[in-house]
Amino acid sequence: MQTLRPKLVAQEALPPMSVEGVEAKVRELDRKLESLADMEESIKEYAEKLRASVDAKVARLKDLRDAPEKLSAEALRRGAMFLGGDEAAQLKSLDGIVNHQPSDEAVLFCGHVAQRSEYESVRREALRAACSLGKTGYPAIAIAYQDLNTTDRFFLLEQIRSLSNEDRAVLMASMAKDASEPLVAKLIEEPFDDDRRFVLLGKLADDFGDQAMTKILETARETQGLQGLAMLYAIAKSGEPKYVLLALKAARERGPSSYAVIVAAGKCDDPAVRAELVRAAKAWGGEAGERIIDKALADSNESLRQAAAAVMGE
């Protein structure tokens, strides 16, 4: 799957941020994380409604499948062509399927073909047709999904890029359930220029732990601008030392505009994290760096003070 991944951000040739500038950036990022929490609830509500709608439609389509006498002659013709055909015949059975009426038959047929065909080209054509139908085609995806192999799922992930960001986020979250390790990596890498990406990454981190976090950190490290900074900030606020440490190292590569990540990491009581925090502040300098270092050297926790002092003596 192609991915639009920007080049690693180089160390910035910029003066260190002021204390006021750092505090303002922290407030901005905290507001962003708060808004993401609200967005997560909104997505959950929408997902429940969408899932209920799709499930009800799938049930009706299965009833239709089990009552062939209710199918049109055209649907029966396509079905016979699919069942008795080779790859070319199966592909031909899908010709013009998106314009087939009634639309329920078209959706049922796409789902059935994507689920049952032994040919990758046929399965993909059925999935492409289902996605082109938008919400109308979602039941076809639901019918076929559990029988799709990993490469078919990669293809589906590409096809849903044309959907609204809201629907795309819900479908990607659904794809994450019981996902293989390669699919989890693809979901994390998937280009998604929308804050819903944060919600999806949070779900993946919760569901898959280290398997997902390693890839999320890599993606955060390579994502430019506020989105990448917010990802590192959220990871630094998690308090999990091994992840906070990696977020700090990525922040150092971005330069002084990432001081907010240091502030977030300062709440982690781990000597290795504290050492890396002071190392970044020392490298960047400025008023903000001096204040962070002074605070670290005056910490009431002796092991954290020693970690900070050791870095200052390097």
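Worth saying up front: this structure is predicted, and the values here are computed from it rather than measured.

*Asks:* Honestly, the environment of arginine 197 in this entry has me stumped. Any pointers?
*Replies:* Tracing the chain through its elements places arginine 197 in helix H10 (residues 196-208). Exposure remark for arginine 197: the relative accessible area of 8% places this residue in the buried category. Here the alpha-carbon distance between arginine 197 and leucine 156, two residues 41 residues apart in the chain, equals 18 Å. Contacts of arginine 197, omitting those with residues within four sequence positions, involve Ile188, Glu189, Glu190, Phe192, Thr219, Thr223 and Gln227.

*Asks:* Teacher, can you tell me more about the nonpolar core here?
*Replies:* Judged by nonpolar contacts, the single largest core of 101 residues is most densely connected at Leu156, Ile160, Leu204, Ile235, Leu248 and Ile262. Residue contributions to this core peak at 13 residues, all from helix H1 (residues 19-65). Among residues more than four places away in sequence, those in contact with isoleucine 235 are Met213, Ile216, Leu217, Ala220, Tyr243, Val244 and Ala247.

*Asks:* Would you take a moment to explain helix H15 (residues 271-284) for this structure?
*Replies:* Every α-helix carries 3.6 residues per turn, so stepping three or four residues along brings you back to the same face. Taking 1.5 Å of rise per residue, the 14 residues of H15 would be expected to cover 20 Å, and the 20 Å separating its terminal C-alpha atoms lies within 8% of that figure. Every buried residue of H15 is listed here: Val273, Arg274, Ala275, Glu276, Leu277, Val278, Ala280, Ala281 and Trp284. Tucked inside the fold, the buried residues of H15 contact helix H13 (241-254), helix H14 (259-265), helix H16 (286-297) and helix H17 (302-312). The N-capping residue of H15, defined by a side-chain oxygen 3.1 Å from the backbone nitrogen of alanine 272, is aspartate 270. Once H15 ends, the next one or two residues include glycine 285, with phi positive near 65°.

*Asks:* I tried to follow the environment of glutamine 211 on my own but got confused; where do I start?
*Replies:* Examined against the element boundaries, glutamine 211 turns out to sit in helix H11 (residues 210-222). You can call glutamine 211 partly exposed: its relative accessible area is 32%. When the C-alpha positions of glutamine 211 and valine 184 are compared, they lie 8.3 Å apart, and in sequence the two are 27 residues distant. Once you skip the residues sitting within four places of it in the chain, glutamine 211 turns out to touch Ser180, Glu181 and Val184.

*Asks:* Looking at this model, I keep getting lost on the layout of surface pockets. Mind explaining?
*Replies:* One water molecule sets the probe size; rolling that probe over the atoms shows where empty space is left. Approximately 820 Å³ is the volume attributed to the largest pocket. In terms of lining, the largest pocket is formed by 30 residues, of which the most central are Phe198, Val199, Leu201, Gly202 and Lys203. Contributions of two or more residues to the lining of the largest pocket are made by H1, helix H8 (165-176), H10, H11 and helix H12 (225-237). Looking at the lining of the largest pocket, the element that brings in the most residues is H10, giving ten residues. In terms of residue class, the lining of the largest pocket is made up of 19 nonpolar, three polar and eight charged. The calculated volume of the second largest pocket comes to roughly 500 Å³. Among the elements that line the lining of the second largest pocket, the one with the most residues is H1, at five residues.

*Asks:* Help me understand the side chain of glutamate 276 in this model?
*Replies:* Here glutamate 276 is to be found in helix H15. Only 3.3 Å separates the side chain of glutamate 276 from the side chain of arginine 252, close enough to count as a polar contact. Polar side-chain contacts of glutamate 276 include one of 3.0 Å to the side chain of arginine 279. Beyond its immediate stretch of four places on either side in the chain, glutamate 276 contacts Leu245, Leu248, Lys249 and Arg252.

*Asks:* Quick question: what am I supposed to make of unusual backbone geometry here?
*Replies:* Note: most peptide bonds trans; most residues except glycine with negative phi. The linkage connecting glutamine 101 with the following residue, proline 102, adopts the cis geometry, with an omega of 0°. Note that proline 102 resides in the loop between helix H3 (87-93) and helix H4 (103-116). In this structure, aspartate 178 is a non-glycine residue whose phi angle is positive, near 55°. The topology assignment puts aspartate 178 in the loop between H8 and helix H9 (181-189).

*Asks:* Help me understand the packing of aromatic side chains, please; the structure alone is not making it clear to me.
*Replies:* For any pair of aromatic rings, the description consists of the separation of the ring centres together with the inter-plane angle of the planes. All told, the structure shown has two aromatic pairs when counted by the stated rule. Here phenylalanine 82 and phenylalanine 109 contribute two aromatic rings whose centre-to-centre distance is 6.3 Å and whose plane-to-plane angle is 80°, an arrangement assigned as edge-to-face. Remark: phenylalanine 109 occurs in helix H4 and phenylalanine 82 occurs in helix H2 (residues 73-83); sequence separation between them is 27 residues. There is no split in this pair, since phenylalanine 82 and phenylalanine 109 are both buried. Here tyrosine 259 and tryptophan 284 contribute two aromatic rings whose centre-to-centre distance is 4.9 Å and whose plane-to-plane angle is 85°, an arrangement assigned as edge-to-face. Here tyrosine 259, found in helix H14, pairs with tryptophan 284, found in helix H15; they are 25 residues apart in sequence, far enough to count as distant.

Rules used in this analysis
- Residues numbered from 1 in each chain as written.
- Predicted model: local features only at pLDDT ≥ 70, side-chain atom pairs only at ≥ 80, totals over all residues.
- Heavy atoms only, no water.
- Helix = DSSP H or I, 4+ residues; strand = E, 2+ residues; numbered from the N terminus.
- Buried < 20%, exposed > 50% of the residue type's maximum accessible area, 1.4 Å probe, protein only.
- Contact = heavy atoms within 4.5 Å.
- Core = buried A, V, L, I, M, F, W, Y, C linked by side-chain atoms within 4.5 Å.
- Expected span 1.5 Å × (residues − 1).
- Polar contact = N/O pair within 3.5 Å; in protein donor to acceptor, adjacent residues only side chain to side chain.
- 1 Å grid on protein atoms, 1.4 Å probe; cavity = no way out; pocket = protein on both sides within 12 Å on 5 of 7 lines; lining within 4 Å.
- Points joined across faces, edges and corners; volume = space filled by probe spheres on them.
- Nonpolar A, V, L, I, M, F, W, Y, C, P; charged D, E, K, R; others polar.
- Phe/Tyr/Trp six-rings, centres within 6.5 Å; stacked < 30°, edge-to-face > 60°.

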